[in-house]
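Residues per chain are reported as follows:
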Amino acid sequence: YRMSDLPLFSPPFAELRRGHRHVIAELRAPARVISTCHVNGGLRGDLRYLVNHQSCEAVKHKERFALISSLGQDGYHRHVCGELGIDPAHTVLMGTAAAMQYLGIVTHRWDDLAVTAVVTAGVTGNAGCAGDAAHYDERDGSWQRTSADSFDGKSPGTHGGTVNTLLFFSAPLTDSALARAVMTMTEAKTSALLELAIGSRSSWRLA
């Protein structure tokens, strides 16, 4: 699987490359990683690859939905890692309908610390807000539609818009500082959506 020849981001501890539907960060040294990924998620020190990828098109991509559903989250994780030729046991994977060509990268520095955010976002059709009604429920390993109605009474409820973020720190953080960073990152995402006045697709709330 061919990735870009030039890295998008290449500090001493990692290298970020993009190839068609995928963005891969390869860690060059052992690092503490905290993630919400279904496979290999949580707080770990044995990861080598952090992957964000366009898992489907934004609308009506039924074939891809059928593939993901048939494989399940564990099987789909292995499928994507197989496409990329990387070890699924040492990879965390995020999926989105957003195209990797619209990836945003920004670095801020304070004294000797650099923090870099690598972000894809797609919220125009499925933005949501904490407190919106749930529309799917997981039972016995399968997802079932709930009876919750959408805001307009016509369109189905949100699946949850994606603002996928890889956040890199130039110095190691303690486990508690990593947890705090996740909280601050989420607050920052919420602040950005509020500034853009993005509305939830399931309620009267702002996303």
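Calculation notes
Residues numbered from 1 in each chain as written. Predicted model: local features only at pLDDT ≥ 70, side-chain atom pairs only at ≥ 80, totals over all residues. Heavy atoms only, no water. Helix = DSSP H or I, 4+ residues; strand = E, 2+ residues; numbered from the N terminus. Salt bridge = Lys/Arg side-chain N within 4 Å of Asp/Glu carboxyl O. Buried < 20%, exposed > 50% of the residue type's maximum accessible area, 1.4 Å probe, protein only. Core = buried A, V, L, I, M, F, W, Y, C linked by side-chain atoms within 4.5 Å. Contact = heavy atoms within 4.5 Å. Pairing = 2+ DSSP bridges. Polar contact = N/O pair within 3.5 Å; in protein donor to acceptor, adjacent residues only side chain to side chain.

1. Concerning unusual backbone geometry
- Of note in the backbone geometry, Asn 40 takes a positive phi value of approximately 65° without being a glycine.
- Following the sequence through the fold, Asn 40 ends up in the loop between strand 3 (33-35) and strand 4 (42-44).
- A positive phi angle, near 55°, is found at Asp 111, a position not held by glycine.
- Mapped onto the fold, Asp 111 is located in the loop between strand 7 (104-110) and strand 8 (113-122).

2. Here's the deal with the pattern of salt bridges
- All told, the structure shown has 7 salt bridges when counted by the stated rule.
- One salt bridge in this structure joins Glu 15 and Arg 28, with 2.9 Å as the shortest N-O distance. Of this pair, Glu 15 sits in strand 1 (residues 14-19) while Arg 28 sits in the loop between strand 2 (22-27) and strand 3, and the two are 13 residues apart along the sequence.
- With a closest N to O distance of 3.6 Å, Arg 21 and Glu 83 form a salt bridge. On the criterion of sequence distance, the pair formed by Arg 21 in the loop between strand 1 and strand 2 and Glu 83 in helix 1 (residues 62-84) is long-range, its members being 62 residues apart.
- A relative accessible area of 28% places Glu 83 in the partly exposed class.
- Three or more residues are tied together by salt bridges with common partners; here these are Glu 15, Arg 17 and Arg 28.

3. Some words on the nonpolar core
- Leu 16, Leu 50, Val 118, Leu 166 and Phe 168 are the most contacted members of the largest nonpolar core, which has 17 residues in total.
- When sequence neighbours within four positions are dropped, the list of residues in contact with Leu 16 reads Pro 7, Leu 8, Phe 9, Val 23, Ile 24, Ala 25, Ile 105, Val 118 and Leu 166.
- The next biggest cluster of nonpolar side chains, apart from the first, holds 9 residues, and it includes Val 51, Val 80, Leu 84 and Ile 86.

4. Focus: the pairing of strand 8
- As paired strands, strand 7 and strand 8 are joined by 7 bridges and run antiparallel to one another. Across the sheet, His 108 pairs through a bridge with Val 115, a residue of strand 8.
- With antiparallel pairing between neighbouring strands as the criterion, strand 7 and strand 8 make up a hairpin whose turn holds 2 residues, including Asp 111 at a positive phi of roughly 55°.

5. Looking at the side chain of Asn 40
- Judged by relative accessible area, Asn 40 falls into the buried class, the value being 15%.
- In this structure the side chain of Asn 40 is engaged in a polar contact, spanning 2.7 Å, whose partner is the backbone oxygen of Thr 91.
- With residues up to four places along the chain from it excluded, the contact list for Asn 40 reads Ser 35, Leu 47, His 77, Pro 88, Ala 89, His 90, Thr 91 and Val 92.

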